[in-house]
Amino acid sequence: VKLLELLDKKDREISEIEAELPPSSVVKKDISCPPELKGRVVRTLAEELKDEEVELIDGIKVYHGDSWALVLPDPVRPVIDLFAEAESEKLARKMLSDYTKRIDEIIG
């Protein structure tokens, strides 16, 4: 409601503001991973990416300029959820592919 009030004061439509936002695409992939290897995946990636801009909250979020990838071990299912956001779906899928290869190498 507050957002609508602010928009009304600025005499702007939500669609106008949305049109000004940069394009982005978020894609997701589940990678099968035995529960006992999830910790190894996170620790190995954290070590490999120690010189990168990362957030270590619940998983590993790696920033690549305006894009990012998130490696998130699922707490219940035997999978690692992998997300990527980039300015295009093609670039986001490329990041998914790159991180999938890294994770597959760690899992063995």
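Residues numbered from 1 in each chain as written. Predicted model: local features only at pLDDT ≥ 70, side-chain atom pairs only at ≥ 80, totals over all residues. Heavy atoms only, no water.

Enumeration according to the criterion identifies 9 salt bridges in this entry. One salt bridge connects lysine 50 with glutamate 47, and the closest N-O pair in it is separated by 2.9 Å. For glutamate 47, a relative accessible area of 49% puts it in the partly exposed group. The residue arginine 77 makes a salt bridge to aspartate 74 at a minimum N-O spacing of 3.1 Å. Judged by relative accessible area, which is 35%, arginine 77 ranks as partly exposed. Owing to a relative accessible area of 12%, aspartate 74 belongs among the buried residues under this scheme. (Salt bridge = Lys/Arg side-chain N within 4 Å of Asp/Glu carboxyl O. Buried < 20%, exposed > 50% of the residue type's maximum accessible area, 1.4 Å probe, protein only.)

What follows concerns the packing of helix α3 (residues 35-48) against helix α4 (residues 89-107). For any two helices packed against each other, one specifies the crossing angle of their axes together with the interaxial distance. Direction vectors running N to C along α3 and α4 enclose 120°, while the axes themselves pass 10 Å from each other. Relative to α4, the element α3 lies oblique. Here α3 runs over α4; the crossing is right-handed. Residues Leu37, Arg40, Val41, Thr44, Leu45 and Glu48 of α3 pack against Arg102, Ile103, Ile106 and Ile107 of α4. (Axes fitted to C-alpha atoms, helices over the stretch in contact; angles between N-to-C directions. Helix = DSSP H or I, 4+ residues; strand = E, 2+ residues; numbered from the N terminus. Parallel < 35°, antiparallel > 145°, perpendicular 65-115°, else oblique. Left-handed = near helix turned anticlockwise from the far one by under 90°. Contact = heavy atoms within 4.5 Å.)

Moving on, we come to α3. With 14 residues, α3 extends 21 Å from end C-alpha to end C-alpha; this agrees with the ideal 20 Å at 1.5 Å per step. On its buried face, α3 is in contact with β3 (60-64), β4 (67-73), β5 (79-86) and α4. (Expected span 1.5 Å × (residues − 1).)

Judged by nonpolar contacts, the single largest core of 22 residues is most densely connected at Val41, Leu45, Val71, Tyr99, Ile103 and Ile107. Taken together, the elements giving at least two residues each to this core come down to β1 (25-32), α3, β3, β4, β5 and α4. The greatest single-element share of this core, amounting to 7 residues, is contributed by α4. Once residues within four sequence positions are removed from consideration, valine 41 is found in contact with Cys33, Ile80, Ile103, Ile106 and Ile107. (Core = buried A, V, L, I, M, F, W, Y, C linked by side-chain atoms within 4.5 Å.)

Let us now look at the packing of aromatic side chains. Aromatic ring pairs are reported here in terms of the distance separating the ring centres and the angle at which the planes meet. Evaluated as defined, the whole model comprises 0 aromatic pairs. The ring centre of tryptophan 68 lies 4.4 Å from the NZ or CZ of lysine 61, which sits over that ring. (Phe/Tyr/Trp six-rings, centres within 6.5 Å; stacked < 30°, edge-to-face > 60°. Lys NZ or Arg CZ within 6 Å of the ring centre and 35° of its normal.)

In this section: the confidence of the model for the protein chain. Per-chain confidence: the protein chain averages 91 in pLDDT, with 100% of residues scoring 70 or above. Taken element by element, the protein chain is modelled with least confidence in helix α1 (residues 2-10), mean pLDDT 73, and with most confidence in β5, mean pLDDT 98. (pLDDT = per-residue confidence, 0-100.)

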